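Now for the letters of each chain:
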Amino acid sequence: MKNPLNYQTTEYDCGPTTMMNAISFLFKREEISPDITKCIMQYCLDGYNSRGEAYKSGTTDTAMWFLSNWLNHFGKVRKFPVLCENLSGKDVFISENSRITECLQQKGAVVAKVMLGCWHYVLFTGIEGEYVDLFDPYYRQKPYEADGVFMIWDEPKRRNRRVHADVLNDTGKGIYALGKTECRECVLLFNTRTRQTMEQIEYII
């Protein structure tokens, strides 16, 4: 069975929490090896803040890229049906034919870096029209006073936010903005057993 997605425990562990949520979203609990959990926790939280304090700058882009490459290698060696792809810069954009949209249409998931006062990791789990479904690991009860951002409480295995694409595509520092183009990073993840091809999607439509 699939578990509900998790919230971060501290102010800093959105990175490992979101990567584990991606695995939980794509795979059943009994399919997931503890090796994956161990590696995610071992290599995330590698950032140092301006005071030189370890782990208090969260998880770096480098760690996320390393994790995605490690998962690809793990998948090949252990025959685990996971596939990751790293995107950066102008490729991290939501439009009708973007790689992120294709990934979500193919039943994949996206670990994305967005703004939430500072850089913050969330999980994209689906897309409907101009709205992206996402799970934000930062627990909050009060709705955001922002257009195009909606709280969802009754789908713990899939989403807790619904956010308009224009909000995400923003190049500023607004809530859930993907931010400056040159700073954008995300990881596309697929379960290769359940991934749909674009031909299958077009046929269904």
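The rules behind each value
- Counting restarts for each chain, with residues numbered from 1 along the sequence as it is written.
- Only residues with pLDDT of at least 70 are given local features in this predicted model, and only at 80 or more are side-chain atom pairs given and counted; all residues enter the totals for whole chains, interfaces and linings.
- Neither water nor hydrogens contribute to the side-chain values; these are computed over all heavy atoms in the structure.
- Each helix is a run of H or I in the DSSP string that is no shorter than four residues. Each strand is a run of E no shorter than two, and both are numbered from the N terminus.
- Throughout, the radius of gyration refers to the C-alpha atoms, and the reference size of a globule is 2.2 Å times the residue count to the power 0.38.
- Residue contacts are counted whenever heavy atoms from the two residues lie within 4.5 Å of one another.
- Only the protein chains shown count as cover for residues, and all accessible areas are computed by the Shrake-Rupley method using a 1.4 Å probe.
- By this rule the span expected of a helix is its residue count minus one, scaled by 1.5 Å.
- Each residue's exposure class comes from its accessible area (1.4 Å probe, protein chains only) as a fraction of the maximum for that residue type: buried when under 20%, exposed when over 50%, partly exposed otherwise.
- Counted as a polar contact is a pair of N or O atoms within 3.5 Å, where, for protein atoms, one must be capable of donating a hydrogen and the other of accepting one, and residues adjacent in sequence contribute only when both atoms are in side chains.
- Any two strands between which DSSP finds at least two bridges are classified as paired.
- Convention adopted: a line fitted to C-alpha atoms gives each axis, helices being fitted over their contacting stretch, and angles between N-to-C directions are expressed from 0 to 180 degrees.
- We call a set of buried Ala, Val, Leu, Ile, Met, Phe, Trp, Tyr and Cys residues a nonpolar core when their side-chain atoms join them within 4.5 Å.
- Oblique is the label for any angle not covered by the other classes, which are roughly parallel (under 35 degrees), roughly antiparallel (over 145) and roughly perpendicular (65 to 115).
- It is the rotation of the near helix from the far one that decides the hand of a crossing: anticlockwise by less than a right angle makes it left-handed, clockwise makes it right-handed.
- Gly is put with the polar residues, along with every residue not named as nonpolar or charged; the nonpolar set is Ala, Val, Leu, Ile, Met, Phe, Trp, Tyr, Cys and Pro, and the charged set is Asp, Glu, Lys and Arg.

A. Structural view of the overall build of the chain. For the chain, the helix and strand inventory stands at six helices and seven strands. For the chain, the succession of helices and strands along the chain, N to C, is α-α-α-β-α-β-β-β-β-β-α-β-α. Whereas a compact globule of 205 residues would reach a radius of gyration of roughly 17 Å, the chain reaches 16 Å, a difference of no more than 12%. Seen through its principal axes, the chain has C-alpha atoms that stretch 50 × 40 × 35 Å. Counted over contacts in the chain with a minimum sequence separation of 6, partners at least 24 positions apart contribute 59%. Here the chain has roughly 10900 Å² of accessible surface; of this, 51% comes from carbon and sulfur atoms.

B. Spatial organisation of helix α3 (residues 61–78). Taking 1.5 Å per residue, 18 residues should reach 26 Å; α3 reaches 25 Å between its end C-alpha atoms and fits that length. By the burial criterion, the buried members of α3 are A63, M64, L67, S68, L71, N72, F74 and G75. Where α3 is buried, its residues touch α1 (14–26), α2 (34–43), β1 (82–88), β2 (109–115), β3 (119–128) and β7 (185–191). The positive-phi residue at the C-terminal boundary of α3 is K79, with phi of around 55 degrees.

C. Up close: the side chain of H164. As for its placement among the helices and strands, H164 is situated in strand β6 (residues 161–164). Under the relative-accessibility criterion, H164 is labelled buried at 12%. At 3.0 Å, the side chain of H164 and the backbone nitrogen of D166 are in polar contact. Sequence-distant contacts of H164, that is, excluding residues within four places in its chain, are made with E130, Y131 and G148.

D. Region of the structure containing the sheet that holds strand β4 (residues 131–135). One open sheet holds the seven strands; their spatial order is β1-β7-β2-β3-β4-β6-β5, and the pairing between them is antiparallel. Lying at the two open borders of the sheet, with one neighbouring strand each, are β1 and β5 (149–151). Strand-to-strand twist across the sheet, computed as the mean angle between neighbouring axes with direction ignored, equals 30 degrees. Each of β2, β3, β4 and β7 touches α1; the most contacted strand, β3, lies at about 25 degrees to it. Set on the sheet, α3 makes contact with β1, β2, β3 and β7; between it and β1 the angle comes to about 150 degrees.

E. A look at α1. With 13 residues, α1 should reach 18 Å at 1.5 Å per residue; the first-to-last C-alpha distance of 18 Å fits that figure. Among the 13 residues in α1, 13 count as buried, and that is most of the element.

F. Local environment of the environment of L123. Residue placement: L123 occurs in strand β3. The class for L123 is buried, based on a relative accessible area of 0%. Expressed as a C-alpha distance, the spacing of L123 and L134, which sit 11 residues apart in the sequence, is 5.3 Å. With sequence-adjacent residues up to four places away left out, L123 is seen in contact with L5, T18, N21, A22, F25, A109, V110, V111, D133, L134 and F135.

G. Quick peek at the nonpolar core. The biggest cluster of nonpolar side chains holds 28 residues, and the ones touching the most others in it are M19, I23, I36, I40, L71, V111 and L189. Listing elements by their share of this core, those giving two or more residues are α1, α2, α3, β1, β2, β3 and β7. If you tally residues by element for this core, the top one is α1, at seven residues. If we ignore the near neighbours within four places in the chain, the residues touching V111 are T18, M19, A22, M64, Y121, V122, L123, C186, V187 and L189. Judged by nonpolar contacts, the second largest core, of 25 residues, contains V110, A112, V122 and Y144.

H. Highlighting the packing of α1 against α2. As a packed pair, α1 and α2 sit with axes 9 Å apart at the nearest point and diverge in direction by 160 degrees. It follows from the interaxial angle that α1 and α2 lie roughly antiparallel. Read as a crossing pair, α1 and α2 show a hand that is right-handed. Of the residues in α2, those in contact with P16, M19, M20 and I23 of α1 are I36, T37, I40 and M41. The residue inventory of the contact of α1 with α2, partitioned by class, reads seven nonpolar, one polar and no charged.

Keep in mind these numbers describe shape, not what the thing actually does.
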